[in-house]
Amino acid sequence: QVQLVESGGGLVQAGGSLRLSCAASGRTSSSYTMGWFRQAPGKEREFVAGISWSGFSTSYADSVKGRFTISRDNAKNTVYLEMNSLKPEDTAVYYCAADQTTSIRRHSIATMTREYDYWGQGTQVTISS
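Quick summary incoming for the structure in this document.

Criteria and thresholds
- Residues numbered from 1 in each chain as written.
- Predicted model: local features only at pLDDT ≥ 70, side-chain atom pairs only at ≥ 80, totals over all residues.
- Heavy atoms only, no water.
- Pairing = 2+ DSSP bridges.
- Helix = DSSP H or I, 4+ residues; strand = E, 2+ residues; numbered from the N terminus.
- Axes fitted to C-alpha atoms, helices over the stretch in contact; angles between N-to-C directions.
- Contact = heavy atoms within 4.5 Å.

Attention shifts here to the sheet that holds strand 7 (residues 68-73). In space, the four strands of this open sheet follow the order 1-3-8-7, with antiparallel pairing throughout. Edge strands, defined here as strands with exactly one partner in the open sheet, are strand 1 (2-7) and strand 7. When the angles between neighbouring strand axes are averaged without regard to direction, this sheet yields 15 degrees. Alignment of strand 3 (residues 18-26) against strand 8 (residues 78-83), held across six bridges, turns out to be antiparallel. Bridging across to strand 8, Ser21 finds its partner in Tyr80.

Following this line, the structure appears as structure tokens:
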């Protein structure tokens, strides 16, 4: 089993920045593809960004591309999401997730919620206008 714990959420004014962290513990592996998802009130959980085990490949939702950056430090079992130029529509609970098999099998980063195997509890990000 793998445990994921997000941190770094908070209240930020529009245009500001925030860095989220996701610490992994338990039976972790640097071979896992890691992803960030978010869920706003009344909406489905959606893909935000993903990063391969090597860190070489990344994928972003169109809504955050150019503003958010995902990275990982395998030595620390941690993945990050740097969020810049934040907008009110970025307000959501942000979840860290790990995909053990799908991304590797496809040779591409998975973007669907059902394709990820482990999830964190989420951290609230609120952007004020």
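Inspection of the secondary structure puts Glu44 in the loop between strand 4 (33-39) and strand 5 (46-51). With 12 residues separating them along the chain, Glu44 and Tyr32 place their C-alpha atoms 24 Å apart. When sequence neighbours within four positions are dropped, the list of residues in contact with Glu44 reads Arg38 and Gln39.

On their own, these measurements won't tell you what the molecule is for.
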